[in-house]
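Here are the chains, one letter per residue:
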Amino acid sequence: MNTAIDSLLQILDLEPLEHNLFRGRSPQVGWQRVFGGQVIGQALVAASRTVVDERQVHSLHGYFMRPGDPSVPIIYEVDRIRDGGSFTTRRVVAIQHGKAIFSMSASFQVHEDGLDHQAAMPDVPMPEDLPSEQELKEMFLKDAPEAIRRYFERERPIELKPADMRQYISRDKRDPVQHVWVRATGALPDDPRIHQCVLAYASDMTLLDTALYAHGLSVFSRKVQCASLDHAMWFHRPVKADEWLLYASDSPSSSGSRGFNRGNLFDTSGRLVASTAQEGLIRLRKEEA
C-alpha cells in the first residue's frame, strides 16, 4: 500500500477513549497547522462510530475556530443529539489545549428510494487524456516557486490532476472556476464510510483557491493570508474515493476579506456524488492592503 495512503488511513482510525470520546493524531510532516480536511475527516469518523451501519452520512456542516496544532493529539467529543426513525444527528467538537478548534454537525439517513435528478458534469478532458502527475511535475515545477514545488513533490494521499495548469503558474486574473480530477493514490478498504471520510478529507483541497483566481492570486501567494472558515458537504450517491472524481468548483463572491466557494464532485460516468460549499479567509496582508 502507498505509504501516504497508509498514513491517511491511520490518522482516520481514531482511538476510542471513552463513550463518545475519541483521540486523533496528525502526520508529522512539518506543517505549522493541521490541514483542515484532516479535521473534517476525523470528525466524521468520530460521528460515524456512534451511528449504526445502516445509516450513511448525507450532510455535514462545520466551523473552523482555531488553527490545529499538529504536535499534539486532537480530542473529538461526540454529542448524540437525536436518533430518529429515518435520520440520526450528531454534533462533534474537536478540542486541543482545552479549547475547541472545530465543531461539526452531521446527519445520517437510512437508504430510501425516491425522486432523482442531477446537474450535468462539465465538459472537460477525462483524466486519462491529461498528463500524468509525473509529467505535470516535469513540465511545470522546474520553473515554479519553491512553495509550489515543495507542495507537489511531497508524497500525498490524494492525487490531483488539474484540467488546466495555468492556475498554478499564471498570475493573470481569470474567471473563478476550477476543474480538478482527484482520487486517493492507493486502493481503499471496501467500506463505504471510509470512502466518505477520505472524500471529506480531500474536499478541503483546492476549493478555497477558486475565489483567488478572480484576483490573480493563489493560496501560495505571500500577498494573502488564507484559511478555511467553514465547510459544508452533501453526499448524494455512493462514491469510490480511490477512483477518479471531477471536482468542479466556482466562486460567486468575495468580499469582507472572505471568499465563498461551491463545488460538485462527479465520477467518470458523470454521476454527481457529492457537493460542497465553503467560505474562507482571503485577507490581504497589511503591506498589500
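Use the structure listed above.
Computed from a predicted model, the values in this text were never measured in an experiment. (Residues numbered from 1 in each chain as written. Predicted model: local features only at pLDDT ≥ 70, side-chain atom pairs only at ≥ 80, totals over all residues. Heavy atoms only, no water.)

1. What about the pairing of strand 11 (residues 245-255)?
Moving residue by residue along a regular strand, the side chains alternate between the two faces of the sheet.
Part 1: Looking at chain direction, strand 8 (residues 177-184) and strand 11 are connected through six bridges and run antiparallel. Considered in strand 11, the bridge of Val 182 is made with Leu 245.
Part 2: Pairing of strand 11 with strand 12 (residues 258-267), which is carried by nine bridges, proceeds in the antiparallel orientation. From the neighbouring strand, Leu 246 faces strand 12, where its bridge partner is Phe 266.
Part 3: Between strand 11 and strand 12, which pair antiparallel and follow one another directly, the connecting turn spans two residues, one of which, Gly 256, has a positive phi of 60 degrees. (Pairing = 2+ DSSP bridges. Helix = DSSP H or I, 4+ residues; strand = E, 2+ residues; numbered from the N terminus.)

2. Focus: the environment of Glu 133
Part 1: Turning to its location among the elements, Glu 133 is positioned in helix 3 (residues 133-140).
Part 2: The residues contacting Glu 133, other than those within four sequence positions of it, are Arg 156, Glu 159 and Leu 160. (Contact = heavy atoms within 4.5 Å.)

3. Describing the pattern of salt bridges
Part 1: For the structure shown, the criterion picks out 11 salt bridges.
Part 2: Between Arg 271 and Asp 267 there is a salt bridge, with the nearest N and O atoms lying 2.6 Å from each other.
Part 3: Here Asp 267 falls in the buried class, since its relative accessible area comes to 14%. (Salt bridge = Lys/Arg side-chain N within 4 Å of Asp/Glu carboxyl O. Buried < 20%, exposed > 50% of the residue type's maximum accessible area, 1.4 Å probe, protein only.)

4. Here we look at the environment of Asp 6
Part 1: Inspection of the secondary structure assignment puts Asp 6 in helix 1 (residues 3-12).
Part 2: With 228 residues separating them along the chain, Asp 6 and Trp 234 place their C-alpha atoms 26 Å apart.

5. Some remarks on the packing of aromatic side chains
By convention here, two paired aromatic rings are described through the distance between centres and the angle between planes.
Part 1: In the structure shown here, the tally under the stated rule is two aromatic pairs.
Part 2: Consider the rings of Phe 35 and Tyr 201, whose centres lie 5.1 Å apart with planes at 75 degrees: the pair is edge-to-face. Here Phe 35, found in the loop between strand 2 (21-24) and helix 2 (36-48), pairs with Tyr 201, found in helix 6 (residues 192-202); they are 166 residues apart in sequence, far enough to count as distant.
Part 3: Here Phe 35 falls in the buried class, since its relative accessible area comes to 17%.
Part 4: In this structure Tyr 201 comes out as buried when scored by relative accessible area, which is 7%.
Part 5: Relative to Phe 102, the ring of Phe 64 has its centre 4.9 Å away and its plane inclined at 45 degrees; by these criteria the two rings are tilted. (Phe/Tyr/Trp six-rings, centres within 6.5 Å; stacked < 30°, edge-to-face > 60°.)

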